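# Chain and residue survey
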Amino acid sequence: MQVFIIDEDGKKYCVEVEKTTTIADMKTKIYDATGMENAYQYLEHRGKIVLEVHGGTTMDDYKIKACDIFHMSDRMRGG
Amino acid sequence: MSALCPVCNLTLPLSLIQSHVNSHFEDDEINPQIETDHHLALQLASDDHSSDDPSSSSSASSSNNVASLVQLQTKSQFYSVGHGGLICLLRNCLESELKLKSKPLECSTSLLSGFVDHFQSSKEDKGWGCGWKNIQMQCSHLLSHREEAKRVLFGGSNFVPDIPSLQRWLELAWNKGFDVSGALHFDNRICGSKRWIGTTECAALLRSFGLKARIVDFAPEKSKSMYLSVPGSAIAPKVKSYGPMDRYMVKKGGSGKGKAVDSHSSNSSRISKGAVLMEWVWNYFSDNRLSVSSGVHITNKGPLYFQHEGHSRTIVGVQRRLQGTTFTPQYNLLILDPADFTRAIEIALIEKRGWEGYLKRGAHTLKCPEYQMLYVDNGIADGEELEKLKTIDSHFVEF
């Protein structure tokens with residue numbers, strides 16, 4: 001399935017993932033598409049920050065579906 | 001191990017099930033109607049004061065917004081610690097520790113910020129409010145220690161506002177042109193929202209009052225190539241600094257943005273990354289003085305807003321132990337976490353038992369790939385200096 005990444009400048013990128021793809025793997029795909037290193041990708045999905053959990057959180061764990069949009073920020077935030 | 005969600009019957013790993021079930025009972029946003037009503041109330045309040053002249057300037061409407069916000073803002077409720085406050089209690093504990101644990105070849109020095117109130121997370125802001133709580137801690141110090149800050153902060157109200165009021169102040173800061181790119185991330189709206197914030201939002205808020213909030217980035221050495229302003233780089237601008245996270249991205253023929261790099265701050269091959277950050281904090285509180293006598297000292301420095309991905313805390317001091325014959329420095333950060341209960345910290349400090357678990361953090365705990373700090377310099381900016389503060393820049397320390 002395809003998901004879309006929108007960066008701070010409003011540029012859109014398309015990334016191919018599966019339900020079993022981990023957040024870490026997706027970040028590597030985003031790096032290939034955008035050049036933004038994994039450590040500096042802060043991804044937001046439906047208003048919630050997507051965090052990598054040890055053991056590998058997957059698309060399924062975050063209920064990510066085809067054509068979902070991620071907002072990618074290059075700023076650290078927390079809650 | 002996996003478990004079944006009792007609400008939607010979804011099978012999830014055990015580690016995720018609790019937060020998943022909780023998410024069924026959480027609203028993503030506070031009622032948007034309340035938010036809209038509040039904006040209308042603000043509008044009406046500012047209309048009352050505005051002149052009949054339709055050509056009145058935008059700066060006039062901005063000052064009307066400020067005036068109405070000063071009237072509408074609410075004081076934050078928090079547990080007030082007795083015995084002179086948490087910092088005073090912490091000082092007592094550190095002094096007692098000094099007497100008890102002093103070894104012949106050990107020299108211990110602790111440096112603390114002045115008065116800071118602890119603002120704990122409540123049921124209402126659990127899971128999203130840590131940034132706001134740390135802003136409140138920062139402001140509690142500024143209001144108690146800096147006369148110039150007391151005059152300008154929150155319209156001179158002399159109290160720390162609650163989160164909804166802070167959100168309105170941040171929106172006002174964005175409307176004034178502070179951190180335009182950061183504001184875009186939130187579509188210029190934060191009132192009533194549960195979205196996470198970070199150091200850049202704190203900086204925008206404080207800078208809008210003329211306070212000189214500074215951000216420091218701690219990032220690994222391997223990301224050196226991500227920055228244009230690395231010393232020795234053929235294309236490095238000498239003293240230019242840009243947005244705190246605006247990294248240079250290597251692309252075909254691409255140009256990027258850089259930031260000021262502190263080449264002297266660390267030597268990663270020499271000391272661990274935890275020690276780099278600790279040393280920076282020590283230098284901040286000691287004001288770069290080479291020799292500080294052992295003991296516990298209250299400095300004139302403010303606390304540090306301490307951010308990593310997913311959470312933020314407030315550093316209120318640092319402890320350094322010089323150990324052995326080589327006098328190797330060993331550091332502990334002294335940290336207030338919004339996730340902890342103020343009363344529990346107070347009891348631990350009064351009883352001088354278990355307080356280390358709440359407040360002390362060694363270098364080994366610094367496991368994140370990147371950190372950010374925010375501190376507030378002395379003085380109030382105006383004119384051209386205030387205009388420059390609208391662009392949030394940062395200082396880069398190799399980590």
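These figures come from a predicted structure and were not determined experimentally.

### A word on the overall build of chain A
Helix and strand content of chain A: 1 helix and 5 strands. Order of helices (α) and strands (β) in chain A, N terminus to C terminus: β-β-α-β-β-β. Nonlocal contacts in chain A, meaning residues at least 24 apart in sequence, comprise 57% of its contacts between residues at least 6 apart. Element-wise, carbon and sulfur atoms account for 53% of the exposed surface of chain A, whose accessible area totals about 3700 Å².

### Considerations on the confidence of the model for chain B
All names here are of chain B. When pLDDT is averaged along chain B, the result is 76; 68% of the residues meet or exceed 70. Mean pLDDT values over the elements of chain B span from 49, in strand S5 (residues 260-262), up to 95, in helix H9 (residues 199-207). Ignoring residues within four places in sequence, the model shows residues 224-259, a span with pLDDT below 50, making 86 contacts including any to other chains. Across residues 263-270, where pLDDT falls below 50, the model places 9 contacts with residues more than four positions away in sequence or in other chains.

### Here's the deal with helix H5 (residues 130-145) of chain B
Side chains three or four residues apart in an α-helix point the same way, a direct result of the helix having 3.6 residues per turn. When the terminal C-alpha atoms of H5(B) are compared, their 23 Å separation across 16 residues agrees well with the 22 Å that a helix rising 1.5 Å per residue should span. H5(B) sits mainly inside the fold: 14 of its 16 residues count as buried.

### Things to note about the pattern of salt bridges
All names here are of chain B. Scanning the model with the defined rule gives 12 salt bridges over all chains in all. For the salt bridge of Lys150 with Glu147, the shortest nitrogen-to-oxygen distance reads 3.4 Å. Of the two residues, Lys150 and Glu147 both sit in helix H6 (residues 147-152), 3 residues apart, roughly one turn of that helix. For Lys150, a relative accessible area of 25% gives the class partly exposed. Arg343 is the partner of Glu346 in a salt bridge, and the nearest nitrogen-oxygen pair spans 2.8 Å. Of this pair, Glu346 and Arg343 are both found in helix H11 (residues 342-351), 3 residues apart, which corresponds to roughly one turn of the helix. Overall, Glu346 belongs to the buried group, its relative accessible area being 3%. On the basis of relative accessibility, which here comes to 42%, the residue Arg343 falls in the partly exposed class.

### Side note on the nonpolar core
Residue and element names in this part refer to chain B. Core analysis: the largest hydrophobic core is formed by 60 residues, its most contacted members being Leu90, Trp132, Ile135, Leu153, Leu206, Leu349 and Leu374. Examining the composition of this core, we find that 7 residues originate from one element, helix H7 (residues 163-175), more than from any other. Ignoring anything within four residues of it in the chain, the contact list for Leu349 reads Leu86, Leu89, Leu90, Cys93, Trp355 and Leu359. In terms of nonpolar packing, the next biggest core, distinct from the first, is built from 25 residues, Met278, Ile315, Leu333 and Ile335 among them.

### Description of the confidence of the model for chain A
The predicted model of chain A has a mean per-residue pLDDT of 84, with 94% of residues at 70 or higher. Looking over chain A, one finds the lowest element-wise mean pLDDT in strand S4 (residues 48-50) of chain A, namely 75, and the highest in helix H1 (residues 23-34) of chain A, namely 91.

### Brief notes about the packing of H5(B) against H9(B)
Residues and elements named next belong to chain B. Packing of H5 against H9 brings their axes to within 11 Å, and their N-to-C directions diverge by 35 degrees. Viewed along their axes, H5 and H9 form a crossing whose handedness is right-handed. Contacts between H5 and H9 involve Ile135, Gln138, Cys139 and Leu142 on the former and, on the latter, Cys202, Leu205 and Leu206. Each residue belonging to the contact of H5 with H9 can be placed in one class, and the counts come to 6 nonpolar, 1 polar and no charged.

### Considerations on the packing of aromatic side chains
All names here are of chain B. Counted according to the given criterion, the structure contains 12 aromatic pairs over all chains. Ring geometry for Trp280 and Tyr284: centres 5.8 Å apart, planes at 5 degrees, overall stacked. Here Trp280 and its partner Tyr284 are both found in helix H10 (residues 273-286), 4 residues apart, which amounts to about one turn of the helix. By relative accessible area, Trp280 is classed as buried at 14%. Each residue in the set Phe218, Trp280, Tyr284, Phe285 and Tyr375 is aromatic and connected to the rest through ring pairs, giving one cluster. Here the basic side chain of Lys390 rests over the ring of Phe178, its NZ or CZ set 5.7 Å away from the ring centre.

### Focus on the pairing of strand S12 (residues 394-398) of chain B
Side chains on a regular strand alternate between the two faces of the sheet. All names here are of chain B. For S12, the buried fraction is high: 4 of the 5 residues fall into the buried class. In terms of strand pairing, strand S4 (residues 211-219) meets S12 through 5 bridges, oriented parallel. The partner of Val216 across the bridge, within S12, is His395.

### With respect to unusual backbone geometry
All names here are of chain B. A positive phi angle, near 65 degrees, is found at Asn158, a position not held by glycine. Among the secondary structure elements, Asn158 is positioned in the loop between H6 and H7. At Asp179, a position not held by glycine, the phi torsion is positive, near 55 degrees. Mapped onto the fold, Asp179 is located in the loop between H7 and helix H8 (180-185).

Rules of the game
Residues numbered from 1 in each chain as written. Chains lettered and ligands numbered in written order. Predicted model: local features only at pLDDT ≥ 70, side-chain atom pairs only at ≥ 80, totals over all residues. Heavy atoms only, no water. Helix = DSSP H or I, 4+ residues; strand = E, 2+ residues; numbered from the N terminus. Contact = heavy atoms within 4.5 Å. Areas by Shrake-Rupley, 256 points an atom, 1.4 Å probe, with all protein chains shown as cover. pLDDT = per-residue confidence, 0-100. Expected span 1.5 Å × (residues − 1). Buried < 20%, exposed > 50% of the residue type's maximum accessible area, 1.4 Å probe, protein only. Salt bridge = Lys/Arg side-chain N within 4 Å of Asp/Glu carboxyl O. Core = buried A, V, L, I, M, F, W, Y, C linked by side-chain atoms within 4.5 Å. Axes fitted to C-alpha atoms, helices over the stretch in contact; angles between N-to-C directions. Left-handed = near helix turned anticlockwise from the far one by under 90°. Nonpolar A, V, L, I, M, F, W, Y, C, P; charged D, E, K, R; others polar. Phe/Tyr/Trp six-rings, centres within 6.5 Å; stacked < 30°, edge-to-face > 60°. Lys NZ or Arg CZ within 6 Å of the ring centre and 35° of its normal. Pairing = 2+ DSSP bridges.

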